[in-house]
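# Topology and contacts: notes
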Amino acid sequence: MIDELILKAKEAREASYSPYSKFKVGAAILMKDGTYILGCNVENSSYGLSICAERNALFQMVAKGYKKGDALAMCIIGQTDTPISPCGACRQVMEELLSRDCKIILANLKNDVKEMTIDELLPYSFSEDSLK
Ligand code: THU
């Protein structure tokens, strides 16, 4: 299951549009119904408009009608020395849209893999509970 998810994230990375940073990132989400949702980073000449691979995939998940709790696992992959570390903005969006038990698989192209949870990635987070 994890090997297949990593392959999907690698496949997603191939579509990366990153002419400025030349840093390709891929993300894949495995839904509980077996569907894979892929995302890649998409940059812009107005740099701040670029979107990370993780958020691209997560927003597509919402656009397809999935809810928090529907995702089983998510994988993110990039060409890094150690398994890729998702940026802070993406961690916050993961906290919003993924359930606590969703597996988050961080990977690189050398087959290094690190499995984490959202609580490990973003401890003491601001969340919907904070607004109650
Ligand atoms: N990037 C991602 O897609 N995900 C991350 O977690 C880190 C950074 C992208 C944004 C930008 O297109 C490029 O990688 C370099 O920062």
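Attention in this report is confined to the structure presented alongside it.

## Quick notes on helix 3 (residues 88-97)
A turn of α-helix holds 3.6 residues, and therefore any two residues three or four places apart point the same way. Here helix 3 has its buried residues at C90, R91, V93, M94, E95 and L97. Those residues of helix 3 that are buried lie in contact with helix 2 (53-63), strand 3 (71-78), strand 4 (103-108) and helix 4 (118-121).

## A look at a nonpolar patch on the surface
Together, Y17, Y20, V42 and Y47 make up a nonpolar patch on the protein surface, roughly 430 Å² of accessible area in all. Examined against the element boundaries, Y20 turns out to sit in the loop between helix 1 (2-14) and strand 1 (25-31).

## So, the sheet that holds strand 1
Strand order across the open sheet formed by five strands is 2-1-3-4-5, with mixed pairing between neighbours. Each edge of the sheet is formed by a strand with only one pairing partner; in this case those strands are strand 2 (36-40) and strand 5 (113-116). Between one strand axis and the next, the sheet turns through 15° on average, direction left out of account. Both strand 4 and strand 5 contribute to a ladder of four bridges, which runs antiparallel.

Definitions and limits used
- Residues numbered from 1 in each chain as written.
- Predicted model: local features only at pLDDT ≥ 70, side-chain atom pairs only at ≥ 80, totals over all residues.
- Heavy atoms only, no water.
- Buried < 20%, exposed > 50% of the residue type's maximum accessible area, 1.4 Å probe, protein only.
- Helix = DSSP H or I, 4+ residues; strand = E, 2+ residues; numbered from the N terminus.
- Contact = heavy atoms within 4.5 Å.
- Patch = residues over 30% accessible without salt bridge, like charges linked within 9 Å, V, L, I, M, F, W, Y side chains within 5 Å.
- Areas by Shrake-Rupley, 256 points an atom, 1.4 Å probe, with all protein chains shown as cover.
- Salt bridge = Lys/Arg side-chain N within 4 Å of Asp/Glu carboxyl O.
- Pairing = 2+ DSSP bridges.
- Axes fitted to C-alpha atoms, helices over the stretch in contact; angles between N-to-C directions.

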